[in-house]
Amino acid sequence: MKKPPQLPPPSKKVPRDAAQAVKRVDSLTTQAVTAKTLSDLLGLPGMRVTRFAVEEENKEQYLHLFCEHEHDVAICPRCLKATNEVHEEKERCVRHLDIWGMKTLVHFPQRRFDCSACDKPFTENPEWIDSKRRQTSVFEMHIYERVKNKTPRKQVALQEGLHEATVLDIFKRQAKRTARQVDGRRVRILGVDEISLRKGHKQYALVLSDLERRRVIAVLPNRLKKTFEEWLEGLTEEERRAIRVVSMDMWEAYRQAVRNKLSHAQIVADRFHVMKQLNHQIDLMRRSIQRQAKKTGDEALYQALKGSRWVLLKNRSALAPEQETQLCTIVAISDELRAIYLLKEEFRTICDKITNRARAQRFLWAWTGNALATGSRYLIRFIKTLHNWWHEFLNYFDDRVTQGFVEGINRAIRGIINRAFGYRNFDNFRLQVLVECAGV
């Protein structure tokens, strides 16, 4: 018999202040402080702190740690042989995490060895610092986390005593590592949507999301069919076969790209974008009737329609009492708006309540007939769009896949753009989105 899953053990309560911590001393496993444990606590494995100094400059305190290597040998990166033949030493200083509120600098000898096996020299690279960097790895990760957590780069630079370009360089290096960890191999439901980079300038970025795991997997510089196809071509055959459903708004370029490169995938027209098209036509009709009422002097209808946009477009159940009263006034005065409003609510109910594709098709055909019977040119436009995406919209009723997550991500990306007051470099923008929204 299969054992039931075991619940994880309850986590121990973490003390929030010193008074609580005192009560837990007896349960702690303590270690004696040695040169090695001190180096480990400082995050400098392989080094031994021998001296320190504190200096003050421009009202800032600096802690200097002077270190020596624990071992006299190093491993050649080419042949992996150990050698102790030091070719030369050069004093080096790098920035480390602050200690006791002081900016900390680590001084150590940078050694260059001669390898007798390869007969070539090599420079030793300590594990706690990347090659040719002026900051330790943990300090760079600290800077990266601060920027990732929405602290402006300029503020980080001022507080940490760095140049803003240095902060950007650290963030980009770590962000590229994060971006390489984005796993797109097991995407089954792909979400495709664009976001405007600059309002009113027709500059768009294409955001691709894994709707099952709710994360962004790619950001493309535009919404062109060619760009989307090139990204799909860059996937392996296994990755393309894994994509079973592609959810999108009603943009023809996306549909053509998916048909060309993912012929096996089911395309789903997002129901909220379909509803948005219907609401747009209703709003156009409302504005037309309001203008006509003003021209003809129908003051009662004109006053009823003033400020009524969201009264007609919101779900009936979401209306406030005063909005409900205004709605009743509008549908009592205008038979035309009453008919189109009831059709809008009926269409929404079909989307909300029906979970069977065949039944949905029957109800939608009946709804289409009723809408055409009104003779409204606004509904006729919507029905034309609906017919163009008929099969893709019916696919929604199979698994009810929507782009609700994508719309939420778009709001988060809009916050990223606003926080930076816009981006001039698309690569910086792409990295920031992946860092915050890729779920790595």
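To start, this report covers the structure provided alongside it. (Residues numbered from 1 in each chain as written. Predicted model: local features only at pLDDT ≥ 70, side-chain atom pairs only at ≥ 80, totals over all residues. Heavy atoms only, no water.)

Some words on the sheet that holds strand 9 (residues 203-210)
- Taking strand neighbours across the sheet as the criterion, the five strands line up as 10-9-8-11-12 in an open arrangement whose pairing is mixed. Both edges of this open sheet fall to strand 10 (215-220) and strand 12 (266-269), since each of them pairs with a single strand only. The sheet shows a mean angle of 25 degrees between the axes of neighbouring strands, taken without regard to direction.
- Sheet topology places strand 11 (residues 245-248) next to strand 12; four bridges connect them, and they run parallel. Its bridge partner being in strand 12, V246 is matched across the sheet by I267.
- Set on the sheet, helix 19 (residues 426-437) makes contact with strand 8 (189-198), strand 9 and strand 10; between it and strand 10 the angle comes to about 175 degrees. (Pairing = 2+ DSSP bridges. Helix = DSSP H or I, 4+ residues; strand = E, 2+ residues; numbered from the N terminus. Axes fitted to C-alpha atoms, helices over the stretch in contact; angles between N-to-C directions. Contact = heavy atoms within 4.5 Å.)

Observations regarding the pattern of salt bridges
- For the coordinates displayed, the defined rule picks out 31 salt bridges.
- The salt bridge involving R95 is made with D98; its shortest N-O contact spans 3.3 Å.
- Close ionic contact of D283 with R286 constitutes a salt bridge, the shortest N to O distance being 2.8 Å. One end of the pair is D283 and the other is R286, both in helix 9 (residues 271-296) and three residues apart, which spans about a single turn.
- Counted as one network, the salt bridges with shared partners bring together D130, R133, E140, D169, R173 and R177. (Salt bridge = Lys/Arg side-chain N within 4 Å of Asp/Glu carboxyl O.)

Digging into the packing of helix 4 (residues 153-160) against helix 5 (residues 164-180)
- Relative to each other, helix 4 and helix 5 sit at 115 degrees, their axes nearing to 8 Å. With respect to their mutual orientation, helix 4 and helix 5 come out roughly perpendicular. Two packed elements cross with a definite hand, and for helix 4 against helix 5 that hand is right-handed. Facing R153, K154, V156 and A157 of helix 4, the residues of helix 5 in contact are E164, V167 and L168.
- Residue classes in the contact of helix 4 with helix 5 are distributed as four nonpolar, no polar and three charged. (Parallel < 35°, antiparallel > 145°, perpendicular 65-115°, else oblique. Left-handed = near helix turned anticlockwise from the far one by under 90°. Nonpolar A, V, L, I, M, F, W, Y, C, P; charged D, E, K, R; others polar.)

Remarks on the packing of aromatic side chains
- Scanning all chains against the criterion turns up 15 aromatic pairs.
- On the numbers, 6.3 Å between centres and 10 degrees between planes, the contact of F393 with Y396 is stacked.
- Judged by its relative accessible area of 1%, F393 falls in the buried class.
- When its relative accessible area of 2% is taken as the criterion, Y396 is described as buried. (Phe/Tyr/Trp six-rings, centres within 6.5 Å; stacked < 30°, edge-to-face > 60°. Buried < 20%, exposed > 50% of the residue type's maximum accessible area, 1.4 Å probe, protein only.)

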